[in-house]
Structures are given as C-alpha cells and as structure tokens.
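Here's the letter readout for the chains.
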Amino acid sequence: MPARRKFEFQGSQGSALAGLLETPDQAPIATALFAHCFTCGKDIAAASRISRALVKRGYAVMRFDFTGLGNSDGDFSNTNFSSNVQDLIAAANHLREEGMPPSLLIGHSLGGTAVLSAAHEIPECKGVATIGSPGDARHVSAQFACDLDTIERDGEARVSLAGRQFTIRKQFLDDINQTSEAHIAQLKAALLIMHSPVDATVNIAEAERIYKAARHPKSFISLDKADHLLTRAEDAEYVADMIAAWALRQVRVASDANASARPGISKGEVGISERNRKFMLDVYSDDHQWIADEPSSVGGNNAGPDPYEHLLASVGTCTAMTIRMYAARKKWPLDNVDVTLRHSREHLKDCEGCEDKPMQIDVIDRDIVLHGDLDEDQRARLMAIADKCPVHRTLTHNLSIKTREVPA
C-alpha cells in the first residue's frame, strides 16, 4: 500500500512548514516536489488528486504549505514571491537530507511560476511541469487590482481572495514587480507547460509567454475544458497521466547520464551503500538496483523492504523457484505456487541453562499453496523439495559470516 508521512521542516523565514510525503508501495521512479497555487494549501483538491495519482503511477510526491498558509507556521503578510521560492528550496533540501532529492518540480498557478525560479537552485531537477501558471509573479496582482491604490498609499490592505481575507503589504508588490520571465531561458531542465484555453484566472497567453521564453526541450499540453483550479477529478487525473508519462523520459535520460556513478559489482556480489545517512540504502547486484529501508515507525521512510523482509523474500523466492524447477523437470501439472513467510522469535523450553537465562530461536514460518491437478504423492514430494532450496539449506546448515574492513 502507498505510504503517507506528515512532517515539519524549517522554511525560509525560520517557521515550521507542514509537509506531506506520499510514496508508492515499491521503490519510486522519482521524487516530485509539488507547489500549490497562490493562497491555497497542500490539501487543495487539485494538489491532493494529482499527487495521489502520481503515487499510483510509481512516483513519490512531497507537497507542503507555504509559510503562513494551511498547517504551516508564520505570518502570510510577511511573505512574498521570493520567500515562496526559498520555501521551495528549503523543501528540496529537506528531501535531499531524507535521501530523496526531487528530480521533478510541479507547480500549479503561481506555484508553477515559483518552481521555474527555484529549479535553478535545485541541482537534481531534471524536469519542471507548470499547470495554469503565469509567466511572472506580477500577474497575481490582478487578483486584488481594486486594492492596489490602498496598498501603495497605506502600506497594506485587507483583500479578499477566493472568499478569504488576507493582508497584502507593499513589500509584496515591490517583490513581484521585480520578477520577469527572463530566467526561464536559463532553465537547465526539460519543461512541460499545461494550460486550459478557458482558464478565466490566468489567460492561456501566459503559457505562450513561458513557452517562448524557454529553450528546448519544452512541451505544451492543452487542458481542454478544465477550469483554473482543476476542480473536476478527471482533469486532475489527466494532468497526472501526462506528467507521469512525460517525466519518465526525463528520469531515464538522467539515469543514463549518471550510469557511470553506479558502483562496479561483479557477478555473484551484492553491494550496499547509504542513501540518506539514516536507514535508506541502495542495494546493487551486477544487473539490478533496489532500495532497502526501515518502516516510518522506527525512523525510516518505508521506501523499500527492511532487512528481515529481504531475508523472507530470499527464502520465499528460492522456495518457489526450486519447486517450479522440479515440477517442470517431472512434467507435473503445477499451475502456480504461492509462498507466504513470517519471521518471529520463540523461547526455547528445553535447553541447558534455560532456567537462568531464557533463550530464543529465530523461526521462519513458511506457508505453501500448490495450485494444479496434482496427486497426493506429487504434492508430498514438492513439499519435501521446498526444504531443499539452496537458500533454505544455507540458512539451516553451518553458516559463517566473515567480516573484514576494506580501505575506502
């Protein structure tokens, strides 16, 4: 099952920002950082729907509330576009510390404008996707155009945005008036621009501005009939589908470019290296790579199987392969084999010294289901063969682990 983990990290102004990391039930294809729209929050329908849909497609997604919004601390009236960009960079830094640096940045509305700026400070970023975003932050002033004179005269004003009251100060206007789309040309990542031709909040001409300012690789997808906030679930699903398919190419290209960073592993060896200086590990064989981790309950990110799950998987896969190999050699009608394993520890009741110091033994319970038109003798033989799988024999015979330190 996909996992959800709430946490806090320090934002650009020192306030605690509320984040939510959602991960798939397997090693993620990539990690995406999602920036919500102006004065919205991480739990707005579009953000949560797109994030969940991307997780279903194999991506890990982090979304958070900008300073002063949602569950994050801080005073919104003291924030501006530049501080939002710095909050994004702080979120990326937190993901990097967790061993999951974001290679994808996704922004909705002004959040898209912000990720275009933040991407320059996030070296792992390989792709940026904007959804209904303006070319620069000055566009947001249209949402409180009637209050601009008051803000200029009095230094601030209470404005109504999406039915809620916010204080907008002159420093906010001064900050957004310094923005432009000029930096987009220096974007060192692939760009996907998504916009609805009937967007009544941010005109589709803003998408054209972004597209013209950017260099290739860049792509545009029209979100026909969608409103600005993607209030229809099917529109959010479509956006997630398009981002997932587009991003996969960017991640693969990045993986090919970084292939030389993979350690050299000989056939028959397994290499393990730390990913985040906590519990998350990269595991390598000569042809494969996967992640090991611990559950969130003990301080891990639950991004991969824990050590005992790896052990059970080793026994279970070897069991199933050995049974299949034997049945195939005998040409027996084995349709399928299912193996379920559990690890536990049991107290030894009859042993020397047990009265003074209770002793335990590790136990692996293994349940096997044999599907097919097999007679009783065939079933009995296959169950006996299960105990002869190589991993089973290795663990139940004399096993010695020899450890030595190798110079770095």
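Residues numbered from 1 in each chain as written. Predicted model: local features only at pLDDT ≥ 70, side-chain atom pairs only at ≥ 80, totals over all residues. Heavy atoms only, no water.

Peer 1: Can you help me understand the state of the cysteines in this one?
Peer 2: Linking two cysteines covalently via their sulfur atoms produces the bond known as a disulfide. Here the structure, examined in full by the defined rule, presents one disulfide. Covalent S-S linkage joins Cys37 and Cys40, the inter-sulfur distance amounting to 2.2 Å. With the S-S bond torsion at -95 degrees, the cross-link from Cys37 to Cys40 turns out left-handed. Taken as a pair, Cys37 and Cys40 share a single burial class, namely buried. (Disulfide = S-S within 2.5 Å. Buried < 20%, exposed > 50% of the residue type's maximum accessible area, 1.4 Å probe, protein only.)

Peer 1: Sorry, what's going on with the packing of aromatic side chains here?
Peer 2: One pair of aromatic rings is described through two measures. These are the centre distance and the angle between the planes. Throughout the structure, instances matching the rule amount to eight aromatic pairs. Seen in terms of ring centroids, Tyr326 and Trp332 are 5.7 Å apart; in terms of plane orientation they differ by 70 degrees. Their pairing is edge-to-face. Relative accessible area serves as the criterion here: at 10%, Tyr326 is assigned to the buried category. Seen from the ring of Tyr211, Lys218 lies directly overhead, with NZ or CZ sitting 4.3 Å from the centre. (Phe/Tyr/Trp six-rings, centres within 6.5 Å; stacked < 30°, edge-to-face > 60°. Lys NZ or Arg CZ within 6 Å of the ring centre and 35° of its normal.)

Peer 1: Mind showing me how you'd approach a positive patch on the surface here?
Peer 2: There is a patch of like positive charges on the surface, built from Arg329, Lys330, Arg381, Lys388 and Arg393. Structurally, Arg393 can be placed in helix α10 (residues 390-396). (Patch = residues over 30% accessible without salt bridge, like charges linked within 9 Å, V, L, I, M, F, W, Y side chains within 5 Å. Areas by Shrake-Rupley, 256 points an atom, 1.4 Å probe, with all protein chains shown as cover. Salt bridge = Lys/Arg side-chain N within 4 Å of Asp/Glu carboxyl O. Lys, Arg positive; Asp, Glu negative; His and termini not counted. Charge placed at Lys NZ, Arg CZ, Asp CG, Glu CD. Helix = DSSP H or I, 4+ residues; strand = E, 2+ residues; numbered from the N terminus.)

Peer 1: I keep staring at helix α1 (residues 45-56) and nothing clicks. Help me out?
Peer 2: Given 3.6 residues per helical turn, the α-helix brings residues three or four places apart onto the same face. Here α1 spans 16 Å end to end across twelve residues, near enough to the 16 Å set by a 1.5 Å rise per residue. Listing the buried residues of α1 in full gives Ala46, Ala47, Ser48, Ile50, Ser51, Ala53, Leu54 and Val55. The positive-phi residue at the C-terminal boundary of α1 is Gly58, with phi of around 100 degrees. (Expected span 1.5 Å × (residues − 1).)

Peer 1: Hey, could you run me through the nonpolar core in this one?
Peer 2: A general tendency of soluble globular proteins is for nonpolar side chains to be buried together. Ranked by size, the top nonpolar core spans 55 residues in total, and within it Leu33, Phe38, Met62, Phe64, Leu88, Val128 and Phe144 carry the most contacts. The dominant element in this core, judged by the number of residues it contributes, is helix α2 (residues 81-97), at eight residues. When residues no more than four places from it in sequence are discounted, the contact partners of Val128 are Leu105, Val115, Leu116, Ala119, Leu187, Ala189, Ala190, Leu191, Leu192 and Trp246. Within the second largest apolar cluster, 30 residues are counted, among which are Ile221, Ala236, Trp246 and Val251. (Core = buried A, V, L, I, M, F, W, Y, C linked by side-chain atoms within 4.5 Å. Contact = heavy atoms within 4.5 Å.)

Peer 1: Quick question: what am I supposed to make of the sheet that holds strand β11 (residues 271-274) here?
Peer 2: Strand pairing in a sheet takes place through backbone hydrogen bonds and is either antiparallel or parallel in direction. Taking strand neighbours across the sheet as the criterion, the three strands line up as β11-β12-β13 in an open arrangement whose pairing is antiparallel. Looking at which strands have only one partner, the edges of the open sheet turn out to be β11 and β13 (289-292). Pairs of neighbouring strands in the sheet enclose a mean axial angle of 25 degrees, with direction left out of account. One ladder, built from four bridges, connects strand β12 (residues 281-284) with β13; its direction is antiparallel. Across the sheet, the residue bridging to Leu281 is Ala292, located in β13. (Pairing = 2+ DSSP bridges. Axes fitted to C-alpha atoms, helices over the stretch in contact; angles between N-to-C directions.)

Peer 1: Can you help me understand the packing of α2 against helix α3 (residues 110-118) in this one?
Peer 2: What describes two packed helices is the angle between their axes and the distance between those same axes. Two numbers describe how α2 lies on α3: the axes approach to 9 Å, and their chain directions differ by 65 degrees. The pairing of α2 with α3 is recorded here as roughly perpendicular in orientation. In this structure, the crossing between α2 and α3 has a hand that is right-handed. Residues Phe81, Val85, Leu88 and Ile89 of α2 touch α3, and the partners they reach there are Leu110, Thr113, Ala114, Val115, Ser117 and Ala118. Partitioning the contact of α2 with α3 into residue classes produces eight nonpolar, two polar and no charged. (Parallel < 35°, antiparallel > 145°, perpendicular 65-115°, else oblique. Left-handed = near helix turned anticlockwise from the far one by under 90°. Nonpolar A, V, L, I, M, F, W, Y, C, P; charged D, E, K, R; others polar.)

Peer 1: Would you mind showing me how to read the environment of Lys402 here?
Peer 2: Position of Lys402 among the secondary structure elements: in the segment after α10. It is 49 Å that separates the C-alpha atoms of Lys402 and Ser12, two residues lying 390 residues apart in sequence.

Peer 1: What is the right way to read the sheet that holds strand β2 (residues 16-23) from this model?
Peer 2: Sheet architecture is open: eight strands sit in the order β1-β2-β4-β3-β5-β6-β9-β10, paired in mixed fashion. Of all the strands in the sheet, the pair left with one neighbour each is β1 (3-10) and β10 (218-222). Averaged over all adjacent pairs, the angle separating strand axes in this sheet is 20 degrees, with direction ignored. Taken together, the eight bridges between β1 and β2 define a ladder with antiparallel strand orientation. Looking at β2, one finds that Lys6 is bridged to Leu20.

Peer 1: Teacher, can you tell me more about the pattern of salt bridges here?
Peer 2: For side chains bearing opposite charge, pairing can occur when the charged atoms are close. Within the structure shown, the criterion is met by 23 salt bridges. Residues Glu234 and Arg232 are paired through a salt bridge, measuring 3.7 Å at the closest nitrogen-oxygen approach. A single network of salt bridges, built from pairs that share partners, joins Arg4, Glu22, Lys42, Asp43, Arg63 and Asp65.

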